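Tertiary structure, described
Given next are the chains, with one letter for each unit.
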Amino acid sequence: MTSDIEQYRVQAEPYYQAQGREIALYEAAYRKRLPVMVKGPTGCGKSRFVEYMAWKLGKPLITVACNEDMTASDLVGRYLLEAGGTRWLDGPLTTAARIGAICYLDEIVEARQDTTVVIHPLTDHRRTLPLDKKGELIRAHPDFQLVISYNPGYQSLMKDLKQSTKQRFTAFDFDYPEAALETVILANETGLGEDMAGKLVKIAQTARNLKGHGLDEGISTRLMVYAALLIQDGIEATEACRMALVRPITDDPDIRETLDHAIDATF
Ligand code: ADP
């Protein structure tokens, strides 16, 4: 069991640049074992924040990337057929509840609602997880905490968390960091000079202004890190930016042209 826990420990301190009071607020939520929801667009630092908090609190972290094919069994566990009979295998949520890990369900809204409800008894005073198929009721380890991420930009009426789920969480609003902070993040994360990092931020801001005017989402901090890494590897800045910042996010020729122009004007 000990070695099981060890594999989920965040070994080295992840680099995390705070945007506000989120570290202290998360620590308070953890002290009371309140469930946490981290909201914000893709690639803005949600997962990095959770990883950093798990490291800071010294707790194991089990991350699950949710998708629409995911069933409750994928979270909770299932019987496996073996030559000698059947064997129960805990799912990631069950493992986290048993060992006292922080369980991070990334993009929870992707999961079907009948999957989402299995987390309910873990998020209130019960802190239990019924394994119906196995006939076992797990009482969560005192260190266990549930964290989910949620991208409000993707939500539609058809696909949203139910109020009965939302109202089980405290929540953080994340967004792309403001310009000076994002420049520092890029420089620290990749070693790129602040001057060049600032230029990448400028281009990203042009794209972010196009959100809702032809772009579904702006350029994420994650893509800017990619551009910075390519530049660090010796790729010319305009080429790196086209490859990392523009081509992934849109196929619309007009928007591509607008962004390509912005890149040429910057360098
Ligand atoms: P998501 O919001 O999709 O979970 P991530 O947490 O994976 O996004 O962030 C994407 C990348 O952006 C990270 O791998 C990291 O390089 C960088 N990043 C974003 N915000 C921060 C931050 N506040 N501190 C350090 N790195 C950050």
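Residues numbered from 1 in each chain as written. Predicted model: local features only at pLDDT ≥ 70, side-chain atom pairs only at ≥ 80, totals over all residues.

If you look the protein chain up in an unreviewed UniProt entry, it shows as AAA family ATPase from Acidihalobacter ferrooxydans. Recorded in UniProt under Sequence similarities (unreviewed entry), the annotation for the protein chain is "Belongs to the CbbQ/NirQ/NorQ/GpvN family." (UniProt positions renumbered as here; feature names shortened; annotations may be inferred.)

1. What about the overall build of the protein chain?
The secondary structure content of the protein chain amounts to 13 helices and 9 strands. Over its C-alpha atoms, taken along the principal directions, the protein chain stretches across nearly 65 × 40 × 35 Å. Relative to its full complement of 267 residues, the protein chain shows a buried share of 34%. Pairs at least 24 residues apart make up 70% of the contacts formed inside the protein chain by residues separated by at least 6 positions. (Helix = DSSP H or I, 4+ residues; strand = E, 2+ residues; numbered from the N terminus. Buried ≥ 20, exposed ≤ 12 C-beta atoms within 10 Å, placed from the backbone. Contact = placed C-beta atoms within 7 Å.)

2. Quick word on helix 5 (residues 92-99)
Of all the residues in helix 5, the buried ones are Leu93, Thr94, Ala96 and Ala97. On an axial view of helix 5, the arc spanned by its buried residues comes to 160 degrees, and they lie on one face. (Arc of directions from axis to C-beta.)

3. Side note on the site of the ligand
Taken together, 17 residues lie around the ligand, and Gly45, Lys46, Ser47, Arg48 and Arg222 are the ones closest in. Within the residue set of the shell around the ligand, elements represented by two or more residues are helix 3 (46-57), helix 9 (179-190) and helix 11 (221-232). In the shell around the ligand, the residues fall into 6 nonpolar, 7 polar and 4 charged. (Near = placed C-beta within 6 Å. Nonpolar A, V, L, I, M, F, W, Y, C, P; charged D, E, K, R; others polar.)

4. Quick notes on the pairing of strand 6 (residues 128-131)
Across 4 bridges, the pairing between strand 6 and strand 7 (residues 136-139) is antiparallel. Counterpart to leucine 131 in the pairing with strand 7 is glutamate 136. Between the end of strand 6 and the start of strand 7, which pair antiparallel, lie 4 residues, with glycine 135 showing a positive phi angle near 70 degrees. (Pairing = 2+ DSSP bridges.)

5. Notes on the nonpolar core
Judged by nonpolar contacts, the single largest core of 43 residues is most densely connected at Val38, Ala97, Cys103, Val147 and Ile148. Put simply, the parts of the chain that give this core at least two residues each are strand 1 (36-39), helix 3, strand 2 (61-65), helix 4 (72-76), helix 5, strand 5 (102-106) and strand 8 (145-150). Among the elements that line this core, the one with the most residues is helix 3, at 5 residues. Leu223, Ala228, Ile231 and Val246 belong to the second-largest nonpolar core, a separate cluster that totals 23 residues. (Core = buried A, V, L, I, M, F, W, Y, C linked by C-beta atoms within 7 Å.)

6. Topic: the packing of helix 10 (residues 194-208) against helix 13 (residues 253-266)
Two elements in contact, helix 10 and helix 13, have axes separated by 10 Å at closest approach and are oriented at 155 degrees. By the angle between their axes, helix 10 is roughly antiparallel relative to helix 13. Seen along the crossing, helix 10 lies across helix 13 with a hand that is right-handed. Here Lys199, Lys202, Ile203, Thr206 and Ala207 of helix 10 lie close against helix 13, whose contacting residues are Leu259, Ala262, Ile263 and Thr266. (Axes fitted to C-alpha atoms, helices over the stretch in contact; angles between N-to-C directions. Parallel < 35°, antiparallel > 145°, perpendicular 65-115°, else oblique. Left-handed = near helix turned anticlockwise from the far one by under 90°.)

7. Focus: the confidence of the model for the protein chain
Averaged over all residues, the pLDDT of the protein chain equals 94, while 97% of them reach at least 70. Overall fold confidence (pTM) sits at 0.95, and the ipTM for the predicted complex is 0.99. (pLDDT = per-residue confidence, 0-100.)

8. Regarding the pairing of strand 5
Counting buried residues along strand 5, 4 of its 5 residues qualify, which places the element largely inside the surrounding structure. Across 5 bridges, the pairing between strand 2 and strand 5 is parallel. Residue pairing across strands places isoleucine 62 opposite cysteine 103, the latter belonging to strand 5. Sheet analysis places strand 5 next to strand 8, joined by 4 bridges and oriented parallel. Within strand 8, the residue paired with leucine 105 across the bridge is isoleucine 148.

9. Considerations on the packing of helix 11 against helix 12 (residues 237-246)
Two elements in contact, helix 11 and helix 12, have axes separated by 8 Å at closest approach and are oriented at 150 degrees. Here helix 11 is positioned roughly antiparallel relative to helix 12, judged by the angle of their axes. In this structure, the crossing between helix 11 and helix 12 has a hand that is right-handed. Contacts from Leu223, Met224, Tyr226, Ala227, Leu230 and Ile231 in helix 11 reach Ala237, Ala240, Cys241, Met243, Ala244 and Leu245 in helix 12.

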